[in-house]
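A structural walkthrough
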Amino acid sequence: MGAVLFCSNLDDPEEWRPPMTRLMPDLELRVYPDFGKAEDIDVAMVWRPPAEGLGQFKSLKAILSLGAGVDQLDLTKLPPGVPVARLVDDVLTTAMAEYCLLAALRYHRRLDVYERNSRLKKWEYHIPRPASQRTVGVLGIGVLGGATAAKLKANGFKVCGWSRSPKSIAGVECFSGTDGIYKMAAKSEIVICLLPLTSETRGILDKKLFDAMPQGSYLVNVGRGGHLNEDDLLPALDSGRLGGATLDVFQKEPLPQEHRFWNHPQILITPHVASTGGAETAAPQVVENIRRARAGKPLLNQVDRTKGY
Ligand code: NDP
Ligand code: OXD
């Protein structure tokens, strides 16, 4: 029986050990860098791989991401042929939909404006519009984008979505393909990015997209910092092309103290907390994947290493 490597600078292995051991009593969980003999390790649970990579673990049968995203693993540098799985967790999914609804409602009900006005003691009315007159566009309608679209819909918004493959989702106007994103943007007063970061989606939140959105629209980025062209955002906000941006993810995290985003009155920053998974709820799929890897079976939530998500 092999051992499982746990390697993360963000996650606490002692939160994972009890729920995993309950399901797999003979589990041997070894925490990086105290993993003993490298050849014992047959499964790696990682947020980011160690700096030297995972190449020394010659018996590796699976790499299990501790996140829903896998870009932080840099798939191109992982040992070839080893299957990679990501987390799909109801707690994480619900939290993400909740965050996106909150961000959309904040703009919809102009709380961003009232936050600024209250600091200026400014009494100014903005007559609310019904949510049914406001369209929210969701970039990426997979697990998280799909749940977010459903939550927005349930709260009365008109919802559009963009994905790589064409989709049909009741109550959501679906777009795909390279021109689909601009067609969707043209309708969307709030655009939420829930794409995975790949070579195709890097820098996708750029001037071209902002120019396609209605004047004064809002951006919510909960995908990855690499989706946003940072140099394009500030002129878009300063010119009024965009009315505001809610950013949870950044090219460099934590966001450096000197970064221009911190002081911008129309940017709301949250520290990559839009959603997190729970060890308790995610442990069953991780344990199932350890079993599957050892039995040579396909993994749950297996990533397509060629597509990058
Ligand atoms: P999924 O793989 O379930 O969904 C991804 C969606 O993006 C799919 O609809 C996919 O299209 C679409 N997509 C991918 N590439 C393209 C492309 N080139 N053009 C158009 N659409 C594309 O991922 P999740 O929903 O689970 O997660 C999305 C991302 O959310 C993660 O990768 C991660 O970066 C981020 N995240 C952020 C968190 C935070 O706290 N801020 C927490 C967790 C995740 P198709 O359906 O056709 O494949
Ligand atoms: C994830 C994240 O990918 O927290 O799970 O960003």
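Considerations on the site of ligand 2
Taken together, Trp47, Gly67, Ala68, Gly69, Arg224, His272 and Ser275 make up the full set of residues near ligand 2. At a separation of 2.8 Å, an oxygen atom of ligand 2 approaches a polar backbone atom of glycine 69. Arginine 224 places a side-chain nitrogen or oxygen 2.7 Å from an oxygen atom of ligand 2. Considered on its own, ligand 2 offers 210 Å² of accessible surface; in the complex 84% of this is hidden by protein. Grouping the constituent residues of the shell around ligand 2 by class yields 2 nonpolar, 4 polar and 1 charged.

Considerations on the site of ligand 1
The environment of ligand 1 is formed by 30 residues, the closest being Arg86, Leu144, Ser165, Lys167 and Tyr309. With respect to ligand 1, the side chain of lysine 167 contributes an N or O atom lying 2.7 Å from an oxygen atom. Between glycine 223 and ligand 1, the recorded distance is 3.5 Å, taken from a backbone N or O atom to an oxygen atom. Of all the secondary-structure elements, those providing two or more residues to the shell around ligand 1 are helix H2 (90-108), helix H4 (143-154) and strand S7 (158-163). Take the shell around ligand 1: its biggest share by element is 3 residues, from H4. Shared between two domains, the shell around ligand 1 takes at least three residues from each, and those domains are domain 1 (3-88 + 277-295) and domain 2 (90-269).

Digging into the domain arrangement of the protein
Here the domain parsing of the protein yields domain 1 (3-88 + 277-295) and domain 2 (90-269). Across the contact, 9 residues belong to domain 1 and 6 residues belong to domain 2. Taken over both partners, the interface formed by domain 1 and domain 2 buries close to 640 Å², and the fraction arising from carbon and sulfur atoms is 62%. By the criterion of area lost to domain 2, the three top residues of domain 1 are Asp71, Val88 and Gly277, representing 55% of everything that side buries. Among the ionic pairs, aspartate 71 bridges to arginine 224, the shortest N-O distance being 2.8 Å.

Comments concerning a nonpolar patch on the surface
Together, Trp123, Tyr125 and Ile127 make up a nonpolar patch on the protein surface, roughly 530 Å² of accessible area in all. Turning to its location among the elements, tyrosine 125 is positioned in the loop between helix H3 (111-119) and strand S6 (135-139).

Some remarks on the sheet that holds strand S2 (residues 29-31)
Strand order in this open sheet of 5 strands is S2-S1-S3-S4-S5, and the pairing throughout is parallel. Sheet topology places S2 and strand S5 (84-85) at the edges, where each strand pairs with a single neighbour. Each of strand S1 (3-7), S2 and strand S3 (41-46) is contacted by helix H1 (residues 13-23), which is oriented at about 175° to S2, the strand it contacts most.

Quick notes on the packing of aromatic side chains
Counted according to the given criterion, the structure contains 3 aromatic pairs. On the numbers, 6.0 Å between centres and 20° between planes, the contact of tyrosine 32 with phenylalanine 35 is stacked. By relative accessible area, tyrosine 32 is classed as partly exposed at 26%. By relative accessible area, phenylalanine 35 is classed as buried at 11%. Clustering of aromatic rings is evident, with ring pairs tying together Tyr32, Phe35 and Phe57.

A closer look at unusual backbone geometry
Here the amide bond leading from tyrosine 32 into proline 33 is cis, since omega sits at 5°, within 30 degrees of zero. Inspection of the secondary structure assignment puts proline 33 in the loop between S2 and S3. Phi at aspartate 74 takes a positive value of approximately 50°, unusual for a residue other than glycine. With a relative accessible area of 29%, aspartate 74 lands in the partly exposed category. The backbone phi angle of arginine 110 is positive, close to 60°, even though this residue is not glycine.

What counts, and where the lines are drawn
Residues numbered from 1 in each chain as written. Chains lettered and ligands numbered in written order. Predicted model: local features only at pLDDT ≥ 70, side-chain atom pairs only at ≥ 80, totals over all residues. Heavy atoms only, no water. Near = heavy atom within 4 Å. Polar contact = N/O pair within 3.5 Å; in protein donor to acceptor, adjacent residues only side chain to side chain. Areas by Shrake-Rupley, 256 points an atom, 1.4 Å probe, with all protein chains shown as cover. Nonpolar A, V, L, I, M, F, W, Y, C, P; charged D, E, K, R; others polar. Helix = DSSP H or I, 4+ residues; strand = E, 2+ residues; numbered from the N terminus. Domains from an automatic or database assignment. Contact = heavy atoms within 4.5 Å. Buried area = accessible area lost by both parts, 1.4 Å probe. Salt bridge = Lys/Arg side-chain N within 4 Å of Asp/Glu carboxyl O. Patch = residues over 30% accessible without salt bridge, like charges linked within 9 Å, V, L, I, M, F, W, Y side chains within 5 Å. Pairing = 2+ DSSP bridges. Axes fitted to C-alpha atoms, helices over the stretch in contact; angles between N-to-C directions. Phe/Tyr/Trp six-rings, centres within 6.5 Å; stacked < 30°, edge-to-face > 60°. Buried < 20%, exposed > 50% of the residue type's maximum accessible area, 1.4 Å probe, protein only.

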